[in-house]
Amino acid sequence: MQFSWFLPTRGDGRAVNPVTTARGSDPTALSRRPTLAYLSSVARAAEQSGFEAVLTPVGSGCEDPWVVCGALAALTERLHFLVAFRPGFTLPTLAAQQAATFQRLSGGRLRLNVVTGGDPVEQRAYGDFLGHDARYARTGEFLEVLRACFAGGPVDFAGEYFTVEGGGLASPPDPVPPIYLGGASGPAEDVTARLVDTYLTWGEPPAQVAVRLDRVREKAAAAGREVRFGLRLHVVSRDTPEEAWAEADRMLAQMSPAAIAAAQQRFARMDSVGQARMTALHGGSAGDGARSLEIAPGLWAGIGLVREGAATALIGSHEQVAERIAEYAALGFDEFVLSGWPHLEEAWRVGEEVLPLLGTTARAA
């Protein structure tokens, strides 16, 4: 198993907030600005407490992932950077050049997280007016060109969205960065089966997510490939289950009805299948205390009341959280991308208390 942490490039604090947009959030809850000093503290805590990589989000409300990770690579030693980017917002030939440069300057510590996009309003604000399935078709072409550039030699490509003549890289990246992609729709699975190394999913109940893993495995096998699987989850881990659920109650109490309503209105306009699946887990209601939103043993859907994207958390004692992770690993998950509020303190807590229970030893700097 490999473990990654999360970089809060919109800001951080002790309350759950939207991760990629400033709309519908409580600015007073983001008490820690995403300065280089703070983000480097989070990155170093992750590196020193046993995590192998950090994931950056991408969106209109957070800092640019390429710039942030480029800066942090110079301030860390072994940590890898899972850089999220939108394939429709740059040419694949330029992305290949950026990736090759990052690999050379960082000593090969780049991983690429392809985010096709799921909020049409945000996409149009960037200047992208393609619909859901067309975005994934474009992502497929993007990755074909990107992989051709990584392979070296001249690249010629003629597609619906990209055309390249005599492209390629004078010095391809070494090693070639692994490509990650998340998405719950059929087109996302199809692109994954053909062109992606690691398929990222959000934390659904084990029985529910197992069906998707089997389907992607079958599609990848039909394409003559194998795919790794990664799971994105939040964590509320404490010395006792009672302490952990008390923390969940505190987090839930900080979500105002107005913030929940604004977030649910935004989620309803999205065309992301994954977002719809996350919303269905809680139904847009805060229920009657944190325990009422426990959708599987130790799996809490309360995060998704105000946060887009990954919307579930593992809750319990350190031993219970480790047991839940082991259950997902038994389904075939190879990687886990974890997070918690505030991200600095929780990187240390999860790294020191949970990862050792899973056979991961902290790496001292």
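Structural data are supplied above this passage.
Residues numbered from 1 in each chain as written. Predicted model: local features only at pLDDT ≥ 70, side-chain atom pairs only at ≥ 80, totals over all residues. Heavy atoms only, no water.

What follows deals with helix α10 (residues 273-282). Among all positions of α10, only Gly-274, Gln-275, Met-278, Leu-281 and His-282 are buried. For α10, the arc enclosing every buried residue in end-on projection is 115°, short of the 170-degree limit, so these residues lie on one face. For α10, the elements touching its buried residues are β8 (198-202), α7 (206-222), α9 (257-269) and β10 (294-296). Put simply, Ser-272 is the residue that caps the front of α10, since its side-chain oxygen is 3.4 Å from the backbone nitrogen of Gly-274. Just past α10, the residue Gly-283 takes up positive phi, approximately 70°. (Buried < 20%, exposed > 50% of the residue type's maximum accessible area, 1.4 Å probe, protein only. Helix = DSSP H or I, 4+ residues; strand = E, 2+ residues; numbered from the N terminus. Arc of directions from axis to C-beta. Contact = heavy atoms within 4.5 Å. Polar contact = N/O pair within 3.5 Å; in protein donor to acceptor, adjacent residues only side chain to side chain.)

All told, the structure shown has eleven aromatic pairs when counted by the stated rule. Here the aromatic rings of Trp-66 and Phe-85 are separated by 6.3 Å at their centres, their planes lie at 45°, and the arrangement is tilted. Placement of Trp-66 in helix α2 (residues 65-73) and of Phe-85 in strand β3 (residues 80-85) is noted, with a sequence separation of 19 residues between them. The class for Trp-66 is buried, based on a relative accessible area of 16%. Ring centres 6.1 Å apart and planes at 75° place the aromatic pair Tyr-328 and Phe-333 in the edge-to-face group. There is no split in this pair, since Tyr-328 and Phe-333 are both buried. Through pairs of rings, three or more aromatic residues link up here, namely Trp-66, Phe-81, Phe-85, Phe-102, Phe-142 and Phe-162. (Phe/Tyr/Trp six-rings, centres within 6.5 Å; stacked < 30°, edge-to-face > 60°.)

With that settled, consider empty space enclosed by the protein. By the definition in use, this model includes three cavities of 30 Å³ or more. Looking at the largest cavity, its volume works out to about 790 Å³. Around the largest cavity, the lining comprises 41 residues; the ones closest to its centre are Val-115, Gly-182, Trp-202, Gly-309 and Ala-310. Secondary-structure elements contributing two or more residues to the lining of the largest cavity are β4 (110-114), α5 (132-151), β7 (179-182), β8 and α10. If you tally residues by element for the lining of the largest cavity, the top one is α10, at four residues. Residue composition of the lining of the largest cavity, grouped by class: 17 nonpolar, 15 polar and nine charged. Counted as a void, the second largest cavity has a volume near 120 Å³. Lining the second largest cavity are 18 residues, and of these Gly-11, Asn-17, Val-19, Trp-341 and His-343 lie nearest its centre. (1 Å grid on protein atoms, 1.4 Å probe; cavity = no way out; pocket = protein on both sides within 12 Å on 5 of 7 lines; lining within 4 Å. Points joined across faces, edges and corners; volume = space filled by probe spheres on them. Nonpolar A, V, L, I, M, F, W, Y, C, P; charged D, E, K, R; others polar.)

The analysis is restricted to geometry; functional conclusions fall outside its scope.
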